[in-house]
Amino acid sequence: MLLRNANIICLTDSGDYGRISDGAAVINEDIIEWVGPAANLPRTYSNQNENVFDCKGKLLTPGLIDCHTHLVYAGNRAEEFERRLQGVSYAEISRQGGGIMATVTATRSMCEDELVNDSRPRLHALMTEGVTTVEIKSGYGLDTATEIKMLRAADRLTREHKLRVQRTFLGAHALPPEYADRSDDYIDLVCNEMLPAAVEAGVVDAVDAFCEKIGFSVRQVEKVFETAEQFNLPIKCHAEQLSNLQGAVMSASRGALSVDHLEYLSADDVGNIAKAGSIAVLLPGAYYVLKETQLPPVVALRNHNVPMALATDCNPGSSPIFSPLLIMNMGCTLFGMTPLEALAGFTINAAKALGCEDQIGSIETGKKADLALWQCAHPAELSYHIGLNPCSAVMQDGKWRDQAQP
Ligand code: NIG
Ligand code: FE
């Protein structure tokens, strides 16, 4: 297929994020075979008149990648939202047994089919805004069977919609009540039973943990990562979201793909993250919903060339947000990112956060033909509008999606 007349934002390293204003691209099966200015299109392609698609000057970007989500869960936490509005803090609700635990109870009691059905509209919301790859975490089971059920649901749901997925085991998300005051025993269960069983079930691509006072200590998270390493699984970490426990530096020094949240990361520690090569995944949705005031050290991350990804973190508690475009806006307005950093955050840097940048995240020869077409003249429009979805078509693996058949 030949795509013509496109305003292509390649998200390659070249200046202006690889913008080609009168661009063309050639897709062979599921792969980008050629991309460049229309004027340079080789004759073999330009002579083609079948299977030519006119992009009518619209913006063509890589398909969006949401690299941090908790989108498979049961129920919702609107009542907790009301309580937080009355002044009860997120951490306080968690200590009282609400928060993540409320979703755990709901998720344990729902069967896999229902979980898939309940989660589907949330995935659809992401898809309508151009998402072609999504990361989905477990972590609302906190027992072996439910963690596996969640990851199976994630698998089924994304397969059903032909999305690319990374399934992340987050058994160390919260302490289940059965293990109250026995957090080390729970970590042993995660390492000796839960993670091995989930790996055996073939549903784990990566391992995450919540390093926080209301989650697990650095030492406990390290144990989980040691087990992940035994299975050769990449690691990532919820770190420095509510306090500075030094989870990000520990995770980065173990080679984490990404360290996520980072509001309380000290600018002094950014150099170590840079040296280790981890990606910073920023989640302004949780910052906004929790009315956080501590900002992540974006300037230091930028100055140290730490790639910054953005993600919805969609979950029923801290980020009931299913709009990547809104998150891009928040990345700019709340965190001071540029619109192009925000777009890189949902494409090339998100691909890096998943360890998939050789396949997806930019429009380059040899990469997967996962693309989004937008009714926009300038890439900053993607971060600028709120509540307006300019996505006009999405290509996944070289095929236009039915929902947006142009
Ligand atoms: O990324 N921080 C921990 N986990 C989620 C929130 C989970 C929840 O509140 O249900 C997060 O913010
Ligand atoms: Fe999260």
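Values in this document were obtained by computation on a predicted structure and should not be read as measured data. (Residues numbered from 1 in each chain as written. Chains lettered and ligands numbered in written order. Predicted model: local features only at pLDDT ≥ 70, side-chain atom pairs only at ≥ 80, totals over all residues. Heavy atoms only, no water.)

Regarding the pattern of salt bridges
Two side chains bearing opposite charge may form a pair once their charged atoms approach each other closely.
Right, on to step 1. Counted under the stated rule, the structure contains 24 salt bridges.
Right, on to step 2. Between glutamate 112 and arginine 156 there is a salt bridge, with the nearest N and O atoms lying 3.0 Å from each other. With glutamate 112 in helix α6 (residues 112–128) and arginine 156 in helix α7 (residues 144–160), this residue pair connects regions lying 44 residues apart in the sequence.
Right, on to step 3. A salt bridge links aspartate 184 to arginine 219, with the nearest nitrogen and oxygen atoms 3.5 Å apart. In this pair, aspartate 184 sits in helix α8 (residues 183–200) while arginine 219 sits in helix α9 (residues 218–230), placing the two residues 35 residues apart along the sequence.
Right, on to step 4. By sharing partners, the salt bridges in this structure join Glu135, Lys137, Asp208 and Lys236 into a single network. (Salt bridge = Lys/Arg side-chain N within 4 Å of Asp/Glu carboxyl O. Helix = DSSP H or I, 4+ residues; strand = E, 2+ residues; numbered from the N terminus.)

Here's the deal with unusual backbone geometry
Right, on to step 1. With a phi angle near 60°, asparagine 232 is a residue other than glycine that sits in the positive phi range.
Right, on to step 2. The class for asparagine 232 is exposed, based on a relative accessible area of 71%.
Right, on to step 3. Positive phi, close to 55°, is recorded for asparagine 305, a residue that is not glycine.
Right, on to step 4. Turning to its location among the elements, asparagine 305 is positioned in the loop between α13 (298–303) and β13 (308–310).
Right, on to step 5. We classify asparagine 305 as exposed; its relative accessible area is 66%. (Buried < 20%, exposed > 50% of the residue type's maximum accessible area, 1.4 Å probe, protein only.)

Considerations on the sheet that holds strand β10 (residues 236–239)
Right, on to step 1. The parallel open sheet is built from eight strands, whose spatial order is β6-β7-β8-β9-β10-β11-β12-β13. In the strand order of this sheet, the two ends are held by β6 (64–66) and β13, each with one partner. Within the sheet, the average angular offset between the axes of one strand and its neighbour, ignoring direction, is 25°.
Right, on to step 2. One ladder, built from three bridges, connects strand β12 (residues 279–282) with β13; its direction is parallel. When the sheet's bridge partners are listed, alanine 280 is paired in β13 with methionine 308. (Pairing = 2+ DSSP bridges. Axes fitted to C-alpha atoms, helices over the stretch in contact; angles between N-to-C directions.)

So, the domain arrangement of the chain
Right, on to step 1. For the chain, the assigned domains are domain 1 (2–63 + 361–401) and domain 2 (64–354).
Right, on to step 2. Taking the mean C-alpha position of each, domain 1 and domain 2 sit 30 Å from one another.
Right, on to step 3. Taken together, the two surfaces of domain 1 and domain 2 that pack against each other cover about 2100 Å², and 61% of this comes from carbon and sulfur.
Right, on to step 4. The interface formed by domain 1 and domain 2 includes ten residue pairs in polar contact (both at pLDDT 80 or more).
Right, on to step 5. If you list the elements that add at least two residues to the side of domain 1 that touches domain 2, you get α1 (15–18), β5 (59–62), β14 (371–374), α17 (381–384) and β15 (391–396).
Right, on to step 6. Looking at the side of domain 1 that touches domain 2, the element that brings in the most residues is β15, giving four residues. (Domains from an automatic or database assignment. Buried area = accessible area lost by both parts, 1.4 Å probe. Polar contact = N/O pair within 3.5 Å; in protein donor to acceptor, adjacent residues only side chain to side chain.)

Some thoughts on the nonpolar core
Burial of nonpolar side chains together is a common tendency in soluble globular proteins.
Right, on to step 1. Core analysis: the biggest nonpolar cluster contains 100 residues, and Phe169, Val204, Leu282 and Trp374 have the highest contact counts within it.
Right, on to step 2. Here this core takes eight residues from α8, the largest share from any one element.
Right, on to step 3. Counting residues domain by domain, this core receives three or more from each of domain 1 (2–63 + 361–401) and domain 2 (64–354).
Right, on to step 4. The residues touching valine 204, leaving out its near neighbours within four places in the chain, are Leu151, Arg167, Phe169, Leu195, Ala198, Val199 and Leu233. (Core = buried A, V, L, I, M, F, W, Y, C linked by side-chain atoms within 4.5 Å. Contact = heavy atoms within 4.5 Å.)

So, the pairing of β15
Working note: regular strand, side chains alternate between the two faces of the sheet.
Right, on to step 1. Judged by how many residues are buried, β15 sits mostly within the fold: five of six residues are covered.
Right, on to step 2. Looking at chain direction, β14 and β15 are connected through four bridges and run antiparallel. Of the residues in β15, the one forming a bridge with leucine 371 is methionine 395.
Right, on to step 3. Relative to strand β16 (residues 399–400), β15 runs antiparallel, the two sharing two bridges. Following the sheet pairing, glutamine 396 is matched in β16 by lysine 399.
Right, on to step 4. Linking β15 to β16, which pair antiparallel, is a turn of two residues; within it aspartate 397 sits at a positive phi near 50°.

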